[in-house]
Amino acid sequence: MSCDFTSLAVAGVRGLKPYEPGKPIEELERELGIRDSLKLASNENPLGPSPRALKAMRGELETVSVYPDGNGFALKQAVADYHGLPRECVTLGNGSNEILELVARAFLQPGLEAAFSTHAFAVYPLVAQAVGAATRVAPANPSDHAMPYGHNLEALAAVVSKSTRVVFVANPNNPTGTWVDRASLQAFIHSLPRSTLAVVDEAYFEYVEEPEYPNAAKWLRRFPNLIVTRTFSKIYGLAGLRIGYGLSHPEVAELLNRVRQPFNVNSLAQRAALAAFGDHEHVAQSVTVNARGLAQYCDAFAARGLGFIPSVANFICVDAGREAMPIYYALLREAVIVRPIASYGLPRFLRITVGREEENRRVLAALDKVLRL
Ligand SMILES: *Cc1c(COP(=O)(O)O)cnc(C)c1O
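Residues numbered from 1 in each chain as written. Predicted model: local features only at pLDDT ≥ 70, side-chain atom pairs only at ≥ 80, totals over all residues. Heavy atoms only, no water.

**Student:** Could you give an account of the site of the ligand, with specific residues and numbers?
**Tutor:** Around the ligand, the neighbouring residues are Gly 95, Ser 96, Asn 97, Phe 121, Asn 174, Asp 201, Ala 203, Tyr 204, Thr 231, Ser 233, Lys 234 and Arg 242. Between the ligand and the protein, one listed contact pairs a nitrogen atom with a side-chain N or O atom of Asp 201 at 2.6 Å. Within the side chain of Tyr 204, a nitrogen or oxygen atom sits 2.6 Å from an oxygen atom of the ligand. Structurally, the ligand is housed in the second largest pocket. Residue composition of the shell around the ligand, grouped by class: three nonpolar, six polar and three charged. (Near = heavy atom within 4 Å. Polar contact = N/O pair within 3.5 Å; in protein donor to acceptor, adjacent residues only side chain to side chain. 1 Å grid on protein atoms, 1.4 Å probe; cavity = no way out; pocket = protein on both sides within 12 Å on 5 of 7 lines; lining within 4 Å. Sits in = over half its atoms within 2 Å of the grid points. Nonpolar A, V, L, I, M, F, W, Y, C, P; charged D, E, K, R; others polar.)

And the structure:
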């Protein structure tokens, strides 16, 4: 039986390339017959989840026969209070990726465009193309810039047209770890037509310690066309639960609410996120471990004469000085999983998630071995 189902798929889906996640540990161990591998490929928190989140989930286990609160009342209230916004501004998502997808489904279609920067997070083109929208990709900073490969907001503003309904800015960006400062981001959003929604993706917000790094959530009253996304997957250590949120004008939130599934965020995730949100100690500890780890990598790369992209997030891209894919495979054989980013237009780089000190040492030792330094 031969059926060309691909030709039956809608145009947007026919042209899509699926998102490539970091290689799961189980897959590597199954394929190579090895054990004790280390995965620093998906920007997960090396300290694990907040103990408070674990406790909260245990208390909730017995109730999983019951549907979750579809409106996520308690968590939305906590998020709203934290940001000093009304609850109507909050949208909960099955990961912040779902918020990005809801934005695309509510605001994009064939004939409209989404804009973002070269080397920007891979989910932006995915969600836009899936609904048939066109994409406009702005050039990034050059490699010799102070923020190499980072977003160039002037170039991004220049690709925005009348048909651009959504622009995506990740701050900091994944995979580059670069960031944009308060004045530039504010000027950029200000320059947009009111009919263009600015999505500022702050998945790594809590890690950033730069004084000029902005909290875009503070600008929601000023810019009604602004949507800010945050996640519980990164510093809160809850990536497996799939939970994040969007902050926006209440009317935008109401539109996103129309297209989401009725129970898009499960009950364990809601409970765990609420508990983790209040665990400031776990967040502070995670920031400290990350800052030390970033310094550890920067020092090690510098000592080895390896280039890297300065990062403010919980990962860092190292320049292998040659095509990185063979080095990625060699590292796999050393039981170390990192992330090749050729699909992001950075074929010489590997993105390494910052782990605990001994984990970072293990990555560096494996890197030394495969690079034969
Ligand atoms: C990890 C990440 C997210 C978060 O994804 P979740 O769906 O919340 O797990 C969003 N944006 C960027 C840029 C990321 O790197």
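**Student:** For the layout of surface pockets, give the residues involved together with the corresponding values.
**Tutor:** When its volume is computed, the largest pocket comes out at roughly 710 Å³. In terms of lining, the largest pocket is formed by 31 residues, of which the most central are Pro 18, Glu 20, Ala 122, Ser 343 and Tyr 344. Elements represented by at least two residues in the lining of the largest pocket include exactly β3 (113-117), α7 (123-130), β4 (134-138), α13 (325-333) and β12 (339-340). By residue number, the principal contributor to the lining of the largest pocket is α13, which donates four residues. If you go around the second largest pocket, you meet 31 residues; those closest to its centre are Tyr 19, Asn 97, Phe 121, Lys 234 and Arg 242. Those elements giving two or more residues to the lining of the second largest pocket turn out to be α6 (96-107) and α7. (Points joined across faces, edges and corners; volume = space filled by probe spheres on them. Helix = DSSP H or I, 4+ residues; strand = E, 2+ residues; numbered from the N terminus.)

**Student:** Describe the packing of α6 against helix α10 (residues 250-259), naming the residues involved and giving the relevant values.
**Tutor:** Two elements in contact, α6 and α10, have axes whose closest approach is 9 Å; the angle formed by their N-to-C orientations is 95 degrees. What the angle tells us is that α6 and α10 run roughly perpendicular. Between α6 and α10, the residues in contact are Leu 102, Val 103, Arg 105, Ala 106 and Phe 107 and Val 252, Leu 255, Leu 256 and Val 259, respectively. (Axes fitted to C-alpha atoms, helices over the stretch in contact; angles between N-to-C directions. Parallel < 35°, antiparallel > 145°, perpendicular 65-115°, else oblique. Contact = heavy atoms within 4.5 Å.)

**Student:** Describe the sheet that holds β12, naming the residues involved and giving the relevant values.
**Tutor:** On the basis of which strands lie adjacent, the open sheet formed by four strands has the order β9-β10-β13-β12 and antiparallel pairing. Looking at strand neighbours, the two that pair on one side only are β9 (308-309) and β12, the edges of this open sheet. Note: β12 against strand β13 (residues 349-353), two bridges, orientation antiparallel. Considered in β13, the bridge of Pro 340 is made with Leu 350. (Pairing = 2+ DSSP bridges.)

**Student:** Please give an account of the sheet that holds strand β8 (residues 244-247) that cites residues and values.
**Tutor:** For sheets, the rule is that strands pair by backbone hydrogen bonds, running either parallel or antiparallel. Overall, mixed pairing links the seven strands, which are arranged β2-β8-β7-β6-β5-β3-β4 in an open sheet. Each edge of the open sheet is held by one strand with a lone partner, namely β2 (90-93) and β4. With direction set aside, neighbouring strand axes in the sheet form an average angle of 20 degrees. Direction of pairing for β3 relative to strand β5 (residues 164-170): parallel, over a ladder of three bridges. Following the sheet pairing, Glu 113 is matched in β5 by Thr 164. Across the sheet, helix α5 (residues 73-83) touches β2, β7 (226-231) and β8, and the angle it forms with β2 is around 130 degrees.

**Student:** Outline empty space enclosed by the protein, listing residues and values.
**Tutor:** The final tally for this structure, using the stated rule, is one cavity of 30 Å³ or more. In this structure, the largest cavity encloses a volume near 30 Å³. Taken together, Asn 45, Pro 46, Tyr 207, Ser 286, Val 289, Asn 290, Asn 314 and Val 354 form the lining of the largest cavity. Looking at the lining of the largest cavity residue by residue, the classes come out as four nonpolar, four polar and no charged.

**Student:** Before we move on, can you summarise α13 with the specific residues and values?
**Tutor:** The set of residues buried in α13 consists of Ile 327, Tyr 328, Ala 330, Leu 331 and Leu 332. Positive phi shows up at Ala 335, right after α13, with a value of about 65 degrees. (Buried < 20%, exposed > 50% of the residue type's maximum accessible area, 1.4 Å probe, protein only.)

**Student:** I'd like a rundown of the environment of Gly 355, residues and numbers included.
**Tutor:** Within the secondary structure, Gly 355 is located in the loop between β13 and α14 (357-371). Along the sequence, Gly 355 and Asn 43 sit 312 residues apart, while their C-alpha atoms lie 8.8 Å from each other. Leaving out residues up to four positions away in the same chain, Gly 355 has contacts with Leu 40, Pro 46, Val 289 and Asn 360.

**Student:** Outline unusual backbone geometry, listing residues and values.
**Tutor:** Cis geometry is adopted by the peptide bond preceding Pro 172, which originates at Asn 171 and carries an omega value of -5 degrees. In this fold, Pro 172 is placed in the loop between β5 and α9 (182-191). Phi at Ala 335 is positive, roughly 65 degrees, even though this residue is not glycine. Inspection of the secondary structure assignment puts Ala 335 in the loop between α13 and β11 (336-337).

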